[in-house]
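# Secondary and tertiary structure notes
The primary structure of each chain is shown beneath.
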Amino acid sequence: MTFPTIPGDGPLPVVLVGAGLMGQAWMRMLQTSPDADLVGLVDLDQELAHSAAAELGYDGLVIGTSVSDVASRSGAKAVINVTVPRAHVPVTLEAVFAGLPVLCEKPLAPTVGEALAIVAAAEASGQLVVTSQNRRFYDSLASYRQAVAEVSPLALLTTDFAREAHFPGFRETMRHPLLVDMAVHAFDVSRYLLLDDPVSVWCETFNPSWSWFDGDTVATAVFEFAGGVRYRYTGSWTTRGLVTSWNGSWRAAGEHGTATWDGEREVRVERADATRSLPGTGHSVVTSSGLSAPMAAGGAEEIAGSLADFVDALRTGRTPESEVHSNVHSLAMVEAAVRSADTGERVHFDDVLEEGHREALALDLPEAVASALAGWGSARAAVDRVAVGS
Ligand SMILES: NC(=O)c1ccc[n+]([C@@H]2O[C@H](COP(=O)([O-])OP(=O)(O)OC[C@H]3O[C@@H](n4cnc5c(N)ncnc54)[C@H](O)[C@@H]3O)[C@@H](O)[C@H]2O)c1
């Protein structure tokens, strides 16, 4: 699909929808952003919107409850959707059919079916829609991607994630809090590193006796990617001691060596850049150069990185990270892992995508979105499309 580019080079005027916890983090970041100017704020809770604007020192913001109304009164050219996941579909649909591109907080939608409805709405409206996967945007992760390429082709990519998480509220009563609320970040980063998408997954979850959550806080999932790499994720939210970073500890093992990332600043590579035969055994061993990957530096990180990528795509027409067609694969990794954990079966992504398509066709959606969905030969073919600017 093609989306309209927005010529110009100054900060893009934007409306933010959702003035809650994360919305206020976006408002703080936008105060110093070179990429966007906050001109409007939308929340169903008007008292919250007004108090957040006042507390953060925003004067003259257009504030209201309707994204199309606030956008037209404020002159905004794009929308940042930081509402709760169940509001991502209605808010994003209202924005794109008002002619506005959208940057939407993760997860794109609560289910793959609803995410596919957003993909169809992007196509029907011709607007760019991008998921903000902020954990793709770290200088050290960019270095790690370089290091992974150096040691590829890979056999195995692994993440070990261990935290003691205390989030009083809805997470403590979810069935799969770790997989749904946290693992999506690591799953998405695996696609970023491998430049590939998964085809199947096996996953097991459980909850230790000392857990303060109702649902499962420990999970191990093994994904097979289309190119054959296995990605193994092991995570825990009820770890006592020796925790990892919030991004987890990563290891990539390939034909040309091994690369690790501590999820913060340290990237290490041991390259098998020479092989030596062991006399008389027919075996060879690798010798290591002990090379450290050079650090990329100076890129915008986390949500500022998501925003910079989104605005650059609108200015130049290039395909951004996590454009929604492609991002459906990250959401599908969560849904497929949950399904495998619940059934004990290996789950295939083609099945998750086609069932999501059937679910989307049954939703109550605007005619243009429903007919875009009905026109897809298969969900797999649809999500493999690439969006570029015209
Ligand atoms: N990327 C990250 O690291 C990260 C961290 C936390 C939250 N999030 C994501 O950010 C989003 C928001 O989370 P939060 O913690 O700020 O939630 P929150 O409940 O604190 O705030 C959400 C706000 O959205 C408003 N809202 C709900 N429906 C609306 C609608 N239809 N129109 C306008 N406003 C509406 C609510 O009134 C509320 O003020 C979620 O998608 C969440 O997963 C991301």
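Residues numbered from 1 in each chain as written. Predicted model: local features only at pLDDT ≥ 70, side-chain atom pairs only at ≥ 80, totals over all residues. Heavy atoms only, no water.

Looking at an unreviewed UniProt entry, the protein carries the name Putative dehydrogenase, with the source organism given as Frondihabitans australicus.

### With respect to the side chain of His357
In this structure, His357 sits in helix H10 (residues 349–361). Contacts of His357, omitting those with residues within four sequence positions, involve Leu116, Leu373, Trp376 and Ala379. (Helix = DSSP H or I, 4+ residues; strand = E, 2+ residues; numbered from the N terminus. Contact = heavy atoms within 4.5 Å.)

### Side note on the site of the ligand
Around the ligand sit 21 residues in total, of which Leu21, Met22, Asp43, Lys106 and Asn134 are the nearest. Between the ligand and Lys106, the relevant distance is 3.0 Å, taken from an oxygen atom to a main-chain nitrogen or oxygen of the residue. In this structure, Asn134 approaches the ligand through a side-chain N or O atom, which is 2.8 Å from a nitrogen atom. Relative to its unbound accessible surface of 850 Å², the ligand loses 77% to contact with the protein. Every element with two or more residues in the shell around the ligand is listed here: helix H1 (21–30) and helix H4 (88–97). Considering every element that reaches the shell around the ligand, the biggest residue donor is H1, with 3 residues. When its residues are assigned to classes, the shell around the ligand shows 11 nonpolar, 7 polar and 3 charged. (Near = heavy atom within 4 Å. Polar contact = N/O pair within 3.5 Å; in protein donor to acceptor, adjacent residues only side chain to side chain. Areas by Shrake-Rupley, 256 points an atom, 1.4 Å probe, with all protein chains shown as cover. Nonpolar A, V, L, I, M, F, W, Y, C, P; charged D, E, K, R; others polar.)

### A look at empty space enclosed by the protein
Enumeration according to the criterion identifies 1 cavity of 30 Å³ or more in this entry. Quantified by volume, the largest cavity comes out at close to 90 Å³. Contributing to the lining of the largest cavity are Arg135, Phe161, Met182, His185, Ala186, Val189, Tyr233, Trp246, Asn247, Trp250 and Trp261. Here the element with the most residues in the lining of the largest cavity is helix H7 (residues 177–194); it accounts for 4 residues. (1 Å grid on protein atoms, 1.4 Å probe; cavity = no way out; pocket = protein on both sides within 12 Å on 5 of 7 lines; lining within 4 Å. Points joined across faces, edges and corners; volume = space filled by probe spheres on them.)

### A word on the nonpolar core
Tyr144, Phe187, Phe223 and Tyr231 are the most contacted members of the largest nonpolar core, which has 91 residues in total. Both domains that furnish three or more residues to this core are identified here as domain 1 (2–135 + 301–328 + 344–389) and domain 2 (138–288). Excluding residues within four positions of it along the chain, Tyr144 makes contact with Leu157, Leu193, Trp250, Arg251, Ala252, Ala259, Thr260, Trp261 and Val267. The next biggest cluster of nonpolar side chains, apart from the first, holds 33 residues, and it includes Ala19, Met29, Leu56 and Leu61. (Core = buried A, V, L, I, M, F, W, Y, C linked by side-chain atoms within 4.5 Å. Buried < 20%, exposed > 50% of the residue type's maximum accessible area, 1.4 Å probe, protein only. Domains from an automatic or database assignment.)

### Observations concerning the pairing of strand S7 (residues 129–132)
Alternating positions in S7 separate into two faces, Val129 and Thr131 on one and Val130 and Ser132 on the other, with burial throughout. As judged from the 4 bridges shared by strand S6 (residues 102–105) and S7, these two strands associate in the parallel manner. When the sheet's bridge partners are listed, Leu103 is paired in S7 with Val130. (Pairing = 2+ DSSP bridges.)

### Regarding the packing of aromatic side chains
For the coordinates displayed, the defined rule picks out 12 aromatic pairs. Pairing Phe223 with Phe349 gives two aromatic rings, centres 6.3 Å apart and planes at 45°, and the pair type is tilted. In this pair, Phe223 sits in strand S10 (residues 218–225) while Phe349 sits in helix H10, placing the two residues 126 residues apart along the sequence. Residue classification places Phe349 among the buried residues on the basis of a relative accessible area of 1%. Ring centres of Tyr231 and Trp250 lie 5.8 Å apart, and the angle between their planes is 10°; on these two criteria the pair is classed as stacked. Taken together, the residues span a long stretch of sequence, with Tyr231 in strand S11 (residues 230–236) and Trp250 in strand S12 (residues 249–254) at a distance of 19 residues. Take Tyr231: its relative accessible area is 0%, and that puts it in the buried class. For Trp250, a relative accessible area of 2% puts it in the buried group. Members of the aromatic cluster, joined through ring pairs, are Phe161, Phe167, Trp212, Phe213, Trp237 and Trp246. Sitting above the plane of the Tyr192 ring, Arg145 keeps its charged end 3.7 Å from the centroid. (Phe/Tyr/Trp six-rings, centres within 6.5 Å; stacked < 30°, edge-to-face > 60°. Lys NZ or Arg CZ within 6 Å of the ring centre and 35° of its normal.)

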